[in-house]
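# Reading the structure
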Amino acid sequence: MTDLTDAVGDTPVRTSEQPLAGRRALVTGGASGIGAAVVRALAARGAHVVVADIDTAGATALAEEIGGSVWTVNLMDTDTLTDDALRLALDGVDILVNNAGIQRINPIQDFKPTDFHNILTLMLEAPFLLIRAVLPQMYAANFGRIVNVSSVHGIRASPFKSAYVAAKHGLEGLSKVTALEGGIHGVTSNCVAPGYVRTPLVEKQITDQALVHGIPEAEVLSKIMLTESAIKRLVEPDEVGSLVAWLASDDAAMVTGSSYTMDGGWSAR
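Summarised in this report is the structure supplied together with it.

Rules used throughout
- Residues numbered from 1 in each chain as written.
- Predicted model: local features only at pLDDT ≥ 70, side-chain atom pairs only at ≥ 80, totals over all residues.
- Heavy atoms only, no water.
- Salt bridge = Lys/Arg side-chain N within 4 Å of Asp/Glu carboxyl O.
- Helix = DSSP H or I, 4+ residues; strand = E, 2+ residues; numbered from the N terminus.
- Buried < 20%, exposed > 50% of the residue type's maximum accessible area, 1.4 Å probe, protein only.
- Contact = heavy atoms within 4.5 Å.
- 1 Å grid on protein atoms, 1.4 Å probe; cavity = no way out; pocket = protein on both sides within 12 Å on 5 of 7 lines; lining within 4 Å.
- Points joined across faces, edges and corners; volume = space filled by probe spheres on them.
- Nonpolar A, V, L, I, M, F, W, Y, C, P; charged D, E, K, R; others polar.
- Domains from an automatic or database assignment.

## A few points about the pattern of salt bridges
For the coordinates displayed, the defined rule picks out 9 salt bridges. When the shortest N-O distance is used, the salt bridge between Asp 250 and Arg 23 registers 3.6 Å. Of this pair, Asp 250 sits in the loop between α8 (237-247) and β8 (259-262) while Arg 23 is found in the loop between β1 (3-5) and β2 (24-28), placing the two residues 227 residues apart along the sequence. Linking Arg 132 and Asp 83 is a salt bridge whose minimum nitrogen-to-oxygen distance equals 3.2 Å. Of the two residues, Arg 132 is situated in helix α4 (residues 113-141) and Asp 83 in helix α3 (residues 83-89); the sequence distance between them amounts to 49 residues. Through salt bridges with shared partners, one network takes in Arg 23, Asp 94 and Asp 250.

## Some details on α8
Turning to α8, its buried residues number three or more, namely Pro 237, Val 240, Gly 241, Leu 243, Val 244, Ala 245 and Leu 247. If you follow the buried residues of α8, they end up packed against α1 (33-44), β5 (95-98), β6 (144-149), β7 (187-194) and β8.

## Looking at the layout of surface pockets
Looking at the largest pocket, its volume works out to about 760 Å³. Taken together, 35 residues make up the lining of the largest pocket; nearest its centre are Asn 99, Ala 100, Gly 101, Ile 102 and Leu 201. Elements represented by at least two residues in the lining of the largest pocket include exactly α1, β3 (48-53), α5 (162-182) and α6 (200-213). Of the residues forming the lining of the largest pocket, the biggest block, 4 residues, is contributed by α6. Taken together, the residues that form the lining of the largest pocket break down as 18 nonpolar, 14 polar and 3 charged. Two domains share the lining of the largest pocket, each providing at least three of its residues, namely domain 1 (24-197 + 236-255) and domain 2 (199-234).

## Considering unusual backbone geometry
For Asn 142, which is not a glycine, the phi torsion comes out positive at approximately 55 degrees. Mapping Asn 142 onto the fold places it in the loop between α4 and β6. In this model, Phe 160 sits at a positive phi of 75 degrees, which is unusual for a non-glycine residue. Structurally, Phe 160 is set in the loop between β6 and α5. Assessed through its relative accessible area of 26%, Phe 160 is described here as partly exposed.

Structure (structure tokens):
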């Protein structure tokens, strides 16, 4: 079941302090973690933001905080993502942020096919469906910003993350194709590729990584997660939100087909 609610107000004048005023953004997985930081960053710059999430309560609380809207949706249930449903949810959206994600950690031989399927569905097929649905109206307006929250695992691999790495690599490719097709229509498409971000998803990974590597949780950051980074700390969600907001702005009109790493130097190796 999908539920779309909206709070329509006057369209403000776009200024240097409010560079996204008059824009309408939709952020998937927007109720928490990176998504919530992106929602707040876009709203702070003047955009009306639709918080899209399976967590109705969390999405509603955040939408009330920033004066936005809510789309309650299970993006893994692609049967509900019909053309009509997506047309309603994406009506007027000129900034789309594909952020929703999950993680499972296991060696390939122990990786459940259902987990692999679910990760690819949520993190690659659903972004394709949303991009496919929103492009016609972006083309008609000769403006659009698509930002895909990828990962350093979109350009690098790690053991035990076959589905996540495959999905993020696929998302990087989808983003580049979108950039090539959309450029003539004023639509840009880029990826943001952070390393490990301080979110509940990463906190859960610490426990999972400790189990799969047979080490104490206290050693996971230093021995597993941050070994390749030059800057030895987690990325903060607000840092990701700030970069996404810039990519959504007019200042980034010539930035497309790119992947911006925020990994503390991991991918420099």
